Structure formats: C-alpha cells, structure tokens
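Coordinate analysis (summary)
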Amino acid sequence: MASVFLSRILGYARDAVIAYRHGATPETDAYFAAFTIPDFLNYLLAGGALSITFIPIFARYLAEGREEDGYRSFSSIATVMGIAMLFFVIVGEFLTEQLIPLIAPGFPPDQIHLAARLTRIVLPAQLFFYLGGLLMAVQYARNRFFLPATAPLIYNAGIILGGLLLGRTIGMAGFAWGVLAGSFVGNFVVQAIGARRAGLAFFPRFDLHDPGLKEFVRLSIPIMLGFSLVVVDEWMTRVFGSFLLAGAITWLNNARRLMQVPVGIFGQASGVASYPFLSALAARGEREAMWETLSVTLRWVFLVSCAAAAVTSVLSREVVLVVYQRGAFTIEDTLQTAAALAFFSVGIPMWCGQTIVSRGFFALKDTWTPTLVGTGAWLCTLPVYYWLTLRMGVRGLALASTIGISLYAVALFGILMGRTVGRKGVGEIGEYVKTAVAGVAAAFGGRYFLDAFFRWASWETFPGALTRLAAGGAAVLFVYALCAILLRSRTAREIRGREDLFRPPRFPDAGEPDEPLAPEPTDPPSTGA
C-alpha cells in the first residue's frame, strides 16, 4: 500500500511538473494524445491484464511442483508475445503519421506532426512494459513484491527527470524520452534482476504448441477482442477533445488524474484486498457467500466514494488550484480543469464500484462478461460523447464519461447478482440509493455553507483555496454523515471507529486462495502512475 501511495504522489508530481513548465497548450495536448497508440497496442496484446492471464498459469505450475514446465511456458510466452509486440511497435513507427489523424482528428497538421514524433519516442516503451509485466508476474508468484513495487516509482521519476533536464531544450519531447528511459530501467532492467533472483530460467523458445502459451492466449482473447469502456473512455476524451479549444485534452487529463485519487485509494485497494477471498469462495462453489463478501466490500466502497465525490465536485476549483496552478498553468486552465473535474467526480462511486464487481467475474474465471458488457457500454455511450461534446465542450466529455461508467457498473452489478443470489440481492439496492441521496444532499449543503460563511476567502488565492478546502470539506462530510444516519444507512451504522472508516472490511471466514494472486494494474502503464 505504501508503494501505491508513493506511486500516486510521484504521478501527481509528474503532472504538476508538466503543468508548471508547459501549462495547457497544443504541445501538451499532443503529448497526451501521443500515448493513445501505445496504450492501444498494450491493450491489444492484453498487456494490462497479466494478473488474470499469466499469473494463474505460472502459479499453478509452481503449486503442482512442475517448475521446469512453468519456466518453459514463460519462455514460450515471452518469446512469442515479445516478437508480436516488437512487430507491432515497428509497424507503428512507420504508420504513426497516418494514424494520428484517426485518434486526434481535430488536430491541425503541425500538431499532428508533433504528436507523431512524440508517439515514435514512447512507442518502444510498450515492449519493456509487456516483458516487464511477465517478469513481475514471476516475482508475484514467488510472493516477492518489493522490486515490482518500485517499477512505477522509477518510471515516474524517469519522466520527471526527463522533463526537468531536457524540457528547456526539446520541450515535451524531454518527458517522452523520460517515459522510454523510465520504462526500460524500472519495468524491464530492475524486474529482470528480480525475476532472476526469484529463480527464473529463461531461454528463447518459439513453441506455438506449448500448453501454457495456448492457455494464455485463450484467457487473453476476450480482452484482446473487446473494447471495454473502462479503457476506451480515456481514448474517447482525446478523440473528441481534439476538436475543442487548445489545451482541452490536457484539462481533461489533469481532471481525470485528480478523479482517480479516490478511485485508487478506495476502489483499487478494496478490490485487491477482496479478490483472493472472492476467488477462494468461487472455487468452492459458495456463490452466495461470495456475493455477501463482495457486497460488504462494495457497500463500504460506495459509502466512502460518495463522500469523496461530494467533496471533489463542490471544491473542484480549490483542488485544481492547489495541485496545478503555478508556473505556466493559468487561472483559465484551472477553471476549465475544475469544470471537467466536477462532472468526472460524479462518477467516482461507479469507477470504484466496477473495480469490485469486475473482480467477482474474474473470481468466477469469467473474463468474457466484463469485456462484452464494457464494449456494449462504450457503443451505447458513443453518441453521447458526440452530442455532449457539441453541447457542453469539456464539461460534456466529462459528463459522457460519467454516464458511460455508470451504465457499465450498473449492468455488471445486475448480471453478477443474477448469477449468484438472484432476486435475493434486490433488497440491497436501497442501501446504495440511500448513500447516493446522502452524497447529493452533502454536496448541496457544502455549497450553501461556503456561499453563506466563506465568501471572504477567495478560491483564486492559494491561502483562500486551502481555507475553503478545509472548511468546505468538513462541512460536506458532516452533512453527509448526518444524512446517512438519518436515512438509516446500514453501512454507516456498521462503522464503529476510525479503522472501519479508512480501510476495507476483512473477511476472516472466507478462506484463502489456492494460488498466489497479485493486484491488477490500475492504469495503462504508459500514462498512469
């Protein structure tokens, strides 16, 4: 958990350095757009899902005492998929100039050229991410977590150093070279050392008939073929954002990063904590017990994430000013980013919730359903992106994102409930409604409190923004807690002390998983912390 926190801190330091040096300009938009093709390539080869594809395969070999077979399968997977990744990287290097207009159709020619140049710099990093992911999986299967935890730290440090050392001479390309250097050192070199220490025996092996490789491909196909909204949503904000004002993609990127703070702290952390127990219960066929375990986690996550959504939406201007507004990042950039953050924030409970519910399907060894539902949610939301972009600009894109993730999370919840407890779970929906109502009331209450008592504290100054953050945040949380209690929220009543409030519940009777399980990656590795 400490490494995740440090990674988040470095990730925001990275974004703050970019904002300080370059603000929100056509150059920063081109930089963020440059990650779309690399992200797509990583997604195409299921590089972000190795914890649900490769780790179970390798861990089973170890559990069965077939270590040599495990290393042979690792060698086959690394060789075959590494060659495939290298092939696509080379093709991408040649076709980047033609592909950028498809992913950023609103860019003028000079911005397309810059985005293509930056893409060519960061594209080879995907090879290091992919091979590094396999090397980290070997360490996870051996219950060695320290060196894998350093990967995002070194990666983000590389980006920051690249921008600081090279930014004055080559602009945004300095950050791009930092991406390449950070991924090579943190995700590949360090992880190769760690895997070697864990006993890895690698030798190039191009065996298409290897059973481990076949199983890996079978598990990866749903992820490769689908375009889940969870991943595609960020691409959509870049595509449609390219038609808006210069800086729009940067505003949306910065707002999304701030929105992901509570998602990472509450949603991802709780998903990691609950997944082994869900897997153990699913393996024993105890579906009702699995649902109850998932439900306990989901209710807690929804409770705290609704509070986070209320605070962030009401105080979006203050949050953005404190985090980003310095150097080249202007007051106009703050206003635009805050407008997007306010609408992104409404979706925080749904982003957190889907991380829990999707793990219920993974525990049942079902990777198809989340992918198909996510693809369907994206297709249904696609017209919404277009219409709201025309109507509301940056705010509309953020709102479309929230609508899409809400559709996806609700659909997944309903399907999983039907597969586990059926109509028995319908009664729990009222608990989520109570929590959501408390969040809405807290947002309105906090806004009224700030307008009535803190007009003297200007949000446009750093001291004023901090004052309003402290006072407004306290007011929102007080109203939220009061409303949750008045609405007789069962989840709120179960909180007895600070420990219950700030960490996900424990499940002492759920049992242990049959194989080692590592936390899933939280963000596309080329862009996130």
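Residues numbered from 1 in each chain as written. Predicted model: local features only at pLDDT ≥ 70, side-chain atom pairs only at ≥ 80, totals over all residues. Heavy atoms only, no water.

1. Focus: the overall build of the protein chain
Of regular secondary structure, the protein chain possesses 22 helices and zero strands. For 529 residues, the compact-globule estimate of 2.2 N^0.38 gives 24 Å, and the C-alpha radius of gyration of the protein chain, at 23 Å, lies within 12% of that figure. Each principal axis of the C-alpha distribution contributes one length, and for the protein chain these read about 70 × 60 × 40 Å. A total of 529 residues make up the protein chain; the buried ones form 58% of that total. (Helix = DSSP H or I, 4+ residues; strand = E, 2+ residues; numbered from the N terminus. Rg over C-alpha atoms; globule rule 2.2 N^0.38 Å. Buried < 20%, exposed > 50% of the residue type's maximum accessible area, 1.4 Å probe, protein only.)

2. Quick word on the packing of helix α7 (residues 125-141) against helix α8 (residues 146-170)
Taken N-terminus to C-terminus, the directions of α7 and α8 make an angle of 150 degrees; their axes are 9 Å apart at the nearest point. By the angle class used here, α7 and α8 are roughly antiparallel. Each of Phe-129, Met-136, Gln-139 and Tyr-140 in α7 lies in contact with α8, whose residues at this interface are Leu-147, Pro-148, Ala-151 and Tyr-155. Of the residues in the contact of α7 with α8, the class split is seven nonpolar, one polar and no charged. (Axes fitted to C-alpha atoms, helices over the stretch in contact; angles between N-to-C directions. Parallel < 35°, antiparallel > 145°, perpendicular 65-115°, else oblique. Contact = heavy atoms within 4.5 Å. Nonpolar A, V, L, I, M, F, W, Y, C, P; charged D, E, K, R; others polar.)

3. Quick look at the packing of helix α5 (residues 67-103) against helix α6 (residues 109-122)
Where α5 contacts α6, the two axes come as close as 9 Å, and the packing angle between them is 140 degrees. With respect to α6, the axis of α5 lies oblique. Relative to α6, the crossing made by α5 is right-handed. Contacts between α5 and α6 involve Glu-93, Thr-96, Glu-97, Ile-100 and Pro-101 on the former and, on the latter, Ile-112, His-113, Ala-115, Ala-116, Thr-119 and Arg-120. The residue inventory of the contact of α5 with α6, partitioned by class, reads five nonpolar, three polar and three charged. (Left-handed = near helix turned anticlockwise from the far one by under 90°.)

4. A short note on the pattern of salt bridges
It is possible for side chains of opposite charge to pair when their charged atoms get near one another. Tallied over the entire structure, the rule returns 19 salt bridges. Note that Glu-215 and Arg-60 form a salt bridge whose closest N and O atoms lie 2.6 Å from each other. Note that Glu-215 is positioned in helix α10 (residues 211-225) and Arg-60 in helix α4 (residues 50-63), a separation of 155 residues in sequence. We note a salt bridge from Lys-424 to Glu-288, for which the minimum N-O separation is 3.0 Å. You can see Lys-424 sitting in the loop between α18 (394-420) and α19 (429-453) and its partner Glu-288 sitting in helix α13 (residues 287-314), a full 136 residues away along the chain. (Salt bridge = Lys/Arg side-chain N within 4 Å of Asp/Glu carboxyl O.)

5. Examining the confidence of the model for the protein chain
Considering every residue of the protein chain, the mean pLDDT works out to 87; 91% of them sit at 70 or more. Averaged pLDDT values for the elements of the protein chain fall to 58 in helix α22 (residues 498-502) and rise to 96 in helix α15 (residues 331-346). (pLDDT = per-residue confidence, 0-100.)

6. Points about the environment of Ile-100
Looking at the secondary structure, you find Ile-100 in helix α5. For Ile-100, a relative accessible area of 0% corresponds to the buried category. Note: C-alpha distance between Ile-100 and Ala-115 (15 residues apart in sequence) is 7.1 Å. Residue contacts for Ile-100: discarding those within four places in its chain leaves Ile-37, Pro-105, Ile-112, Ala-115, Ala-116 and Thr-119.

7. Examining the packing of aromatic side chains
For the coordinates displayed, the defined rule picks out 23 aromatic pairs. Between Phe-302 and Tyr-432, the ring centres sit 5.3 Å apart and the planes meet at 85 degrees, which makes this aromatic pair edge-to-face. Linking Phe-302 in helix α13 with Tyr-432 in helix α19, this pair joins segments that are 130 residues apart in sequence. An identical accessibility class is assigned to Phe-302 and Tyr-432; each is buried. Taken together, the aromatic side chains of Phe-54, Phe-58, Tyr-71, Phe-74 and Phe-202 make up a single cluster linked through ring pairs. (Phe/Tyr/Trp six-rings, centres within 6.5 Å; stacked < 30°, edge-to-face > 60°.)

8. Details of the nonpolar core
Formed by 86 residues in total, the largest nonpolar core has its most connected members in Met-236, Met-290 and Leu-416. Sorting elements by how many residues they give to this core places α13 first, with 16 residues. Not counting the four nearest positions on each side in its chain, Leu-416 is found in contact with Met-290, Trp-291, Leu-294, Val-357, Gly-360, Phe-361 and Leu-364. If you look at the next biggest cluster of nonpolar residues, it comprises 67 residues, including Leu-45, Phe-129, Phe-175 and Leu-213. (Core = buried A, V, L, I, M, F, W, Y, C linked by side-chain atoms within 4.5 Å.)

9. A short note on the state of the cysteines
A complete count under the given rule lists zero disulfides for this structure. The structure places no disulfide on Cys-306, whose sulfur is separated from the nearest cysteine sulfur, that of Cys-352, by 9.1 Å. In this structure Cys-306 comes out as buried when scored by relative accessible area, which is 7%. (Disulfide = S-S within 2.5 Å.)

10. Focus on the environment of Phe-54
Structurally, the position occupied by Phe-54 is in helix α4. Given the relative accessible area of 1%, Phe-54 is considered buried. Placed 178 residues apart in sequence, Phe-54 and Val-232 show a C-alpha to C-alpha distance of 23 Å. Apart from residues lying up to four places away in sequence, Phe-54 is in contact with Phe-74, Ile-77, Leu-134, Ala-137, Val-138 and Phe-216.

11. Description of a positive patch on the surface
A cluster of basic residues, Lys-434, Arg-488, Arg-490 and Arg-493, forms a positive patch at the surface. For Arg-488, the position within the fold is in the loop between α20 (462-486) and α21 (490-493). Residue Arg-488 is classed as exposed on the basis of its relative accessible area of 58%. (Patch = residues over 30% accessible without salt bridge, like charges linked within 9 Å, V, L, I, M, F, W, Y side chains within 5 Å. Areas by Shrake-Rupley, 256 points an atom, 1.4 Å probe, with all protein chains shown as cover. Lys, Arg positive; Asp, Glu negative; His and termini not counted. Charge placed at Lys NZ, Arg CZ, Asp CG, Glu CD.)

12. Describing the side chain of Thr-381
Counting through the fold element by element, Thr-381 comes out in helix α17 (residues 368-392). Once residues lying within four places of it in the same chain are set aside, the contact partners of Thr-381 are Leu-229, Ala-400, Gly-404 and Leu-407.

13. Quick word on a nonpolar patch on the surface
On the surface, Leu-161, Leu-164, Leu-165, Leu-166, Ile-170 and Trp-177 cluster together to form a nonpolar patch covering roughly 570 Å² of accessible area. Tallying contributions element by element places α8 first for the nonpolar patch, with five residues. Relative to the helices and strands, Leu-164 resides in helix α8.

14. Let's talk about the environment of Leu-315
Looking at where Leu-315 falls in the secondary structure, it is placed in the loop between α13 and α14 (316-324). For Leu-315, a relative accessible area of 0% translates into the label buried. A sequence separation of 100 residues divides Leu-315 from Ile-415, and the C-alpha atoms of the two residues are 35 Å apart. Residues contacting Leu-315, with those up to four places away along its chain left out, are Leu-450, Arg-468, Leu-469, Gly-472 and Gly-473.

15. So, helix α9 (residues 173-197)
Taking 1.5 Å per residue, 25 residues should reach 36 Å; α9 reaches 35 Å between its end C-alpha atoms and fits that length. A maximum bend of about 30 degrees is found in α9 at Gln-191. Looking one or two residues past α9, Gly-199 carries a phi angle of roughly 105 degrees, positive in sign. (Expected span 1.5 Å × (residues − 1). Bend = angle between axes of the 7 residues up to and from the residue.)

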